[in-house]
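A closer look at the structure
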Amino acid sequence: ISLLSYNVWFDLAHTFPTRMAALARIAAAGPPPPSVLAVQEETNGSMTYLAPALTAAGYRQSFRQPQHTRASNGAEAYGVALTTREPLGPLRHARYHPYARSMMGRGLVLGVATWASVGDLALGCTHLESFIGHEQDAVVRQARAAQLGEAAKELEREARTRGCVGAVLMGDMNWSSSVDDPTRLLGPGWADAWQVGPLLLVPPPARALALRLLPVK
């Protein structure tokens, strides 16, 4: 399967029609086309354009971060969402897990999808704490590291509870290549999917990572 994670950016709403149409074209591309799409900073405004375009591309209705848990950009609340299409089945047991430590309403959307003839996969999408200035950077980095560990543990717990063969954590990690390897924080079994791929499209910026858990027994 192929995976696609995209921060759609919550600003410049007048560009939503053009940008969401372009993303939908990317999400429909292949071979093979992505079976999982994780988006960050989506809003009601951007989803007005993106949702129908994804439906036309064969994706199912997205599971979105609940509105009451979201932060706002001053105009709209924004959050994360996750959707699948063939050869993966629809998301089951979909839910939102808020992080214990966040100044920005961040958390993890997760669910389980069946991969025919392979087994169930636990899937997650997140957006870790963002840079808000050098004065706050030390605090933000600590929160970001805690969130990454929390997301991995929650997804791993879900995979084991549901009897999954593996798990995938996707999203905008706001991680920099100048800091520690994030897989070091996750424990044994996790690997950077961009390094062990192949995955769809070209490697993203270093801050956007896709991580996967090797088969869960």
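Above this note sits the structure.
A short tour of the structure in this document, coming up. (Residues numbered from 1 in each chain as written. Predicted model: local features only at pLDDT ≥ 70, side-chain atom pairs only at ≥ 80, totals over all residues. Heavy atoms only, no water.)

Things to note about empty space enclosed by the protein
Rolled over the atoms, a probe as big as a water molecule pinpoints where empty space is left. As a reminder of what qualifies: The definitions used throughout rest on a 1 Å grid laid over the protein atoms alone, on which a cavity is an enclosed set of points accommodating a 1.4 Å probe that cannot get out and a pocket is an open set flanked by protein within 12 Å on both sides along at least five of seven lines; lining residues are those having an atom within 4 Å of a point. Grid points are joined across faces, edges and corners, and a volume is the space filled by probe spheres set on the points. A run of H or I in DSSP becomes a helix once it reaches four residues, and a run of E becomes a strand once it reaches two; helices and strands are each numbered from the N terminus.
All told, the structure shown has one cavity of 30 Å³ or more when counted by the stated rule. The calculated volume of the largest cavity comes to roughly 70 Å³. Looking at the largest cavity, it is lined by 13 residues, and the ones nearest its centre are Q65, G79, V80, R106 and H127. Contributions of two or more residues to the lining of the largest cavity are made by β5 (77-84) and β8 (119-127). Element by element, the count of residues in the lining of the largest cavity is highest for β5, at three residues.

Observations concerning the environment of V8
As a reminder of what qualifies: Each residue is placed in one exposure class: buried if its accessible area under a 1.4 Å probe, protein chains only, is under 20% of its type's maximum, exposed if it is over 50%, and partly exposed if it falls in between. The contact definition used throughout considers only heavy atoms, calling two residues in contact when any of these lie within 4.5 Å.
In this structure, V8 sits in the loop between β1 (3-7) and α1 (16-27). V8 gets classed as buried once you look at its relative accessible area, which sits at 3%. Distance in space between the C-alpha atoms of V8 and V80 is 9.9 Å, their sequence separation being 72 residues. Ignoring any residue separated from it by four or fewer positions in sequence, one finds V8 in contact with R19, M20, L23, V39, Q40, E41, E42 and S46.

What to know about the nonpolar core
Worth spelling out the cut-off: What makes a nonpolar core is a set of buried Ala, Val, Leu, Ile, Met, Phe, Trp, Tyr and Cys residues whose side-chain atoms join them at distances within 4.5 Å.
Counting 18 residues, the largest nonpolar core has L148, L155 and L169 as its most contacted members. Elements with a minimum of two residues in this core: β7 (107-115), α3 (137-161) and β9 (166-172). For this core, the leading source of residues is α3, giving five residues. Excluding its chain neighbours within four sequence positions, the residues that come into contact with L155 are L110, A122, L123, G124, A167, V168, L169 and W190. Residues V36, A38, C125 and M170 belong to the second largest nonpolar core, which totals 14 residues.

Read these as geometric descriptors, not functional statements.
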